[in-house]
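# Observations on the model geometry
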Amino acid sequence: MDITIELSLESPDGIIDCRLEPQRNDGTLFYNATILYPHIVNGYSRSEIYCHDIRFEPETGSYHFETGEDGIHPKIRKLEAQISDAIISQNKKPAL
């Protein structure tokens, strides 16, 4: 399905907001994940912003982040399974 998915995930650092926007490249569906990770600076909330593509891997049956030249921050890598599960469950829902 080509539908934008928005979700909130809990972490020890606070609530993580995530927006998954569907993209197509050569007919292959993948998602661009924009992740707002909570970060407190001098008592003020200043979310750290992470943007990564996440693609389906048929071998594993789940979605995985594409590793760019900078790599994936470990705290974001930990979210990979939760984000994959959210995409898979959203795509299983019948279209209205």
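To start, this report covers the structure provided alongside it. Predicted, not measured: the structure shown is a model, and the values here were computed from it. (Residues numbered from 1 in each chain as written. Predicted model: local features only at pLDDT ≥ 70, side-chain atom pairs only at ≥ 80, totals over all residues. Heavy atoms only, no water.)

The next thing to look at is the pairing of strand β7 (residues 62-65). Two strands pair when backbone bridges link them, and strand β6 (residues 48-57) and β7 are joined in this way by four bridges, in the antiparallel orientation. Along β7, the bridge assignment pairs R55 with H64. Linking β6 back to β7 in an antiparallel pair, the connection comprises four residues, with G61 at a positive phi of about 75°. (Pairing = 2+ DSSP bridges. Helix = DSSP H or I, 4+ residues; strand = E, 2+ residues; numbered from the N terminus.)

Attention now moves to the pairing of strand β3 (residues 28-37). Here nine bridges tie strand β2 (residues 14-25) to β3, and the two strands are oriented antiparallel to one another. Paired with P22 across the strands is Y31, a residue of β3. Connecting β2 to the antiparallel partner β3 that follows it, the hairpin turn spans two residues, and D26 within it adopts a positive phi of roughly 55°. The pairing of β3 with β6 spans eight bridges and is classified as antiparallel. Counterpart to L36 in the pairing with β6 is I49.

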